[in-house]
Amino acid sequence: MSDAGPIRISIQEIADHIQAEVIGDATQLIDHTAAMDNADLGSITYLKDKAYLQYLSETQASAVILKKDLAQQCPVTALVVDDPYVAYARVSQLFYPQPPVVPGIHESADISPEAQIADSAQVDAKAVIEAGVTIGENCMIGPGCILRAGCRIGDDTRLMGNVCIGLECEIGKRGLLHPGVVIGADGFGFANDKGQWVKIPQIGKVLIGDDVEIGANSCIDCGAVHDTKIGNGVKIDNLVQIGHNVVIGDHSIVVATAAIGGSSTIGSYCAIAGGTGLAGHLELCDGVTVTGMSMVSHSIHSPGVYSSGISVQETRQWRRNHARLHKLDKTIKELKDEIKSLKSERDKG
Amino acid sequence: MSDAGPIRISIQEIADHIQAEVIGDATQLIDHTAAMDNADLGSITYLKDKAYLQYLSETQASAVILKKDLAQQCPVTALVVDDPYVAYARVSQLFYPQPPVVPGIHESADISPEAQIADSAQVDAKAVIEAGVTIGENCMIGPGCILRAGCRIGDDTRLMGNVCIGLECEIGKRGLLHPGVVIGADGFGFANDKGQWVKIPQIGKVLIGDDVEIGANSCIDCGAVHDTKIGNGVKIDNLVQIGHNVVIGDHSIVVATAAIGGSSTIGSYCAIAGGTGLAGHLELCDGVTVTGMSMVSHSIHSPGVYSSGISVQETRQWRRNHARLHKLDKTIKELKDEIKSLKSERDKG
Amino acid sequence: MSDAGPIRISIQEIADHIQAEVIGDATQLIDHTAAMDNADLGSITYLKDKAYLQYLSETQASAVILKKDLAQQCPVTALVVDDPYVAYARVSQLFYPQPPVVPGIHESADISPEAQIADSAQVDAKAVIEAGVTIGENCMIGPGCILRAGCRIGDDTRLMGNVCIGLECEIGKRGLLHPGVVIGADGFGFANDKGQWVKIPQIGKVLIGDDVEIGANSCIDCGAVHDTKIGNGVKIDNLVQIGHNVVIGDHSIVVATAAIGGSSTIGSYCAIAGGTGLAGHLELCDGVTVTGMSMVSHSIHSPGVYSSGISVQETRQWRRNHARLHKLDKTIKELKDEIKSLKSERDKG
């Protein structure tokens, strides 16, 4: 959302940045990125796969990032790479860098004298920073953020507005936490004493690795005894719930409104799609993908893709299927019995 | 929740407001609204449908809003309209208006000198308003709200506490955003580079129409390249997730905890019920209703009602049905094979 | 998460606190609690059930809380109780008490002169407290909390950061509300006037009992006309949605990302598991448990356990079952017809 106006980069510079082979004129200046289907003069676009190939021959873009086998068909300058989408992401970061950090502490922020804040960090209006907090180099602490005692924020991490970080929690480097994120609230732990709930103090922390992004209003609870741990490079979408003691391995993603039950462990390179729920105390090995709106109620020990979501039908039709599903066991037993009886009579006959 | 005490309105004035025909004494003063089953003296109530007809003959209300065909049975003053529920909503707005806007900026708010705030607007304590923000006439910006640079708030819009509006986002007129709403956080967009996620800058805005209400802690992400757009008259409940580039047509509603995947388009006059999830890159035409806890994983091109939610059974019974469902394909194949074999033997015999 | 360092308690004192029988040396000092599988010297741990019995013989803990029948096998001091998990919860509370309340109002808080705040209460930085608010003894109002006019907070209740309490809402004693909780936002109530939505003013309050805990970013809407009511001892997890007019009985729990539709009533001692959704206008009697990711669309009048969640399979396998489910009614009709036809021929033969 930064103003891209003043940034102009030559195709050659872009190609060097993404290690692309240039076919065509490399001297032109590019000033923005664009989607394949509405790219205009001065823009660079990309061809992810053949779905958008129809737009290539008449593109108005000044340059196109694509794979080698399509370069011949490119009417403008081609930047040839192995993975055009990844290359596009890196080019886009060139044109739309994060807003710069402006070092300094806003006069309306409330800072404990016992907090350690790097001189290069930016602390915005109304932020509250308690004793023992450590904030690294080039951090940006947005308006209204609350950093509870003893928490630690790694270099180059940005907390957008109204983020709450609990006692002694740790966020790694280059993190990005969107507004309303709550890290380190109490896990949901109670013992049942003849019907009434007795709280079990939640004394663990949340430890978050480097390069982690967490979406708006998502929650990661502190551990009950051990710590809740989020690996490096993990990306978490909006309104996600992560329970106490959960461990998520490096480079996994969790999509919006998913919920991970307490004490579950998710491996590396996993993908938990939107709306999916994991029960507590499960283990998912590396490389597990769970598709949207599924329920995981047992551990998964083989990498692969797993599902249980049901897609919609017209309600009239769905109701009939639903009614059958509610009687499925009985119906199948009856059908089997009828067939058995027919067969037994046949055999007698 | 405003104090209704001092408001007293004659039945005639109410009838004029909702264009009702009065049968009975129109001079009485009404001072509150009430539900049909416990309406008392001085109240006005309504009869939505015949479900509550039993209460009509003995009602203590001073007036009842109802349809023509029931007016004869009304023992007190009747206000005859076509749609009693809509009329009741408008009468209720008379008795319980929104709290008045008190123009002025609280001394503890942090306001950029480069923001433009209408003199008639109210800005509450601890609000943070950055450069280039525009706030229209009679707006109410609640405590702790954060308005990022360049965002625009239309006339008569109210942001309750701790709402965050992202860079350059636009909210229309007469909007109502409840506490904790986050507009314009980054969409969830990454390219996968051999297992690691590379962020794609999210450079679109969120554009929200007039008369839009958004429930507590709901999130609407900014667009990736194009903008995320919410039409006029759209009503969004609490804890709803709306991904980047989503477009929602006029007068649609999205109920609590629903999630709309990125780049999906929802038509006008649609209803997405609670807990429902839409995958990304789908299109729903105008007039689509999706019932609760359903999953939409394909586009819908015909108006109508769609479902896939499954309602509970006793767990013992559900488990048996669930086990059958997990083997449904195999079981049906087997049943078909058995029948086929019986038929083939019959035909041979 | 409090620093347990200085707290040292003799086994005898602990035993007295939980009314346990001590077998072994009661004079040792304990300084922390630990899990059975990694308990070290100076710690007290517990044996909830026989699943962890393997660790007992070689435990390094200084004391173990367990049931009478296992006491003989305990190599260290045993504390015998009926319910070791409940006893452990109480012992853990001894070692990890909530941080102490530090009476006083932070200079950066914004307090109406018409608010009544007990001298023993703590009000943190950037809190906003409006006219007519009452805050009881020993309350802790965290940073950035917003207490709207007329709301009441009972003794010993703690609101963590950025909590919003709506107009005239009431929270009981010993409550604990985690960051981002929104109490008393408008319920989702509209009448449909030929396609357009007309707002119905939401004029009820939220009334919350004693000993209620509410997780991060959860929302409880105010009533439409009547009040929304949460009973004593209710525990609500993160990102939970509770609609207008809902009533929840004493000692029930609602787990993360569950949603309770408006005007539904849940009895006492109920458990609504994570991701589960209740439609509106339902009634659940006392003692109902609904397991995870289920949908409740009808009232439940018998205590018991209810489910409709579907657990994942490999996607390849699930897709085949899903395709069968979408045609279930048709397929079963066909199978029945085929069998009927076979039987009728048999009978003719």
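Definitions and cut-offs
- Residues numbered from 1 in each chain as written.
- Chains lettered and ligands numbered in written order.
- Predicted model: local features only at pLDDT ≥ 70, side-chain atom pairs only at ≥ 80, totals over all residues.
- Domains from an automatic or database assignment.
- Least-squares fit on C-alpha atoms with pLDDT ≥ 70 in both.
- Core = buried A, V, L, I, M, F, W, Y, C linked by C-beta atoms within 7 Å.
- Buried ≥ 20, exposed ≤ 12 C-beta atoms within 10 Å, placed from the backbone.
- Contact = placed C-beta atoms within 7 Å.
- Pairing = 2+ DSSP bridges.
- Helix = DSSP H or I, 4+ residues; strand = E, 2+ residues; numbered from the N terminus.
- Axes fitted to C-alpha atoms, helices over the stretch in contact; angles between N-to-C directions.
- Parallel < 35°, antiparallel > 145°, perpendicular 65-115°, else oblique.
- Left-handed = near helix turned anticlockwise from the far one by under 90°.
- Nonpolar A, V, L, I, M, F, W, Y, C, P; charged D, E, K, R; others polar.

**Details of the domain arrangement of chain A**
Part 1: Parsing chain A into structural domains produces domain 1 (9-95), domain 2 (104-306) and domain 3 (315-348).
Part 2: Placing a centre on the C-alpha atoms of domain 1 of chain A and another on those of domain 3 of chain A gives a separation of 58 Å.

**Observations regarding the relation of the copies chain C and chain A**
Part 1: Note on the identical chains: chain C maps onto chain A by a rotation of 120° and an axial translation of 0.0 Å, with an RMSD of 0.1 Å. Such a combination of rotation and displacement between the chain copies is what one expects of a three-fold axis.

**Some remarks on the nonpolar core**
Part 1: One finds Ile141 of chain A, Ile141 of chain B together with Ile141 of chain C to be the most contacted residues of the largest nonpolar core, which totals 242 residues.
Part 2: Beyond its immediate sequence surroundings of up to four residues, isoleucine 141 of chain C is in contact with Ala121, Gln122, Val123, Asp124, Ala127, Ile135 and Leu159 of chain C.

**Here's the deal with the sheet that holds strand β29 (residues 241-242) of chain C**
For sheets, the rule is that strands pair by backbone hydrogen bonds, running either parallel or antiparallel.
All names here are of chain C.
Part 1: A sheet is described by the order of its strands in space; here 10 strands give the open sequence β9-β12-β15-β18-β21-β26-β29-β32-β35-β38, paired in parallel fashion. In this open sheet, the two edge strands, each paired with only one partner strand, are β9 (110-111) and β38 (295-296).
Part 2: Pairing analysis gives 2 bridges linking strand β32 (residues 259-260) to strand β35 (residues 277-278), with the strands arranged parallel. Note that in β35 the partner of alanine 259 across the bridge is glycine 277.

**Considerations on the sheet that holds strand β29 (residues 241-242) of chain B**
Residues and elements named next belong to chain B.
Part 1: One open sheet accounts for 10 strands, arranged β9-β12-β15-β18-β21-β26-β29-β32-β35-β38; its pairing is parallel. The sheet terminates laterally at β9 (110-111) and β38 (295-296), the two strands that pair on one side only.
Part 2: Judged from the 2 bridges that link them, strand β21 (residues 182-183) and strand β26 (residues 219-220) form a sheet pairing that is parallel. Residue pairing for β26: isoleucine 183 is matched across the bridge by isoleucine 220.

**Quick word on the packing of helix α1 (residues 11-18) of chain B against helix α2 (residues 84-95) of chain B**
Residue and element names in this part refer to chain B.
Part 1: For the pair α1 and α2, interaxial distance at closest approach is 10 Å and the crossing angle is 125°. When the axis of α1 is compared with that of α2, the two are oblique. Crossing geometry of α1 relative to α2 is assigned as right-handed. Side by side, α1 and α2 meet where Ile14, His17 and Ile18 of the first sit next to Ala87, Arg90, Val91 and Leu94 of the second.
Part 2: For the contact of α1 with α2, the per-class residue count stands at 5 nonpolar, 1 polar and 1 charged.

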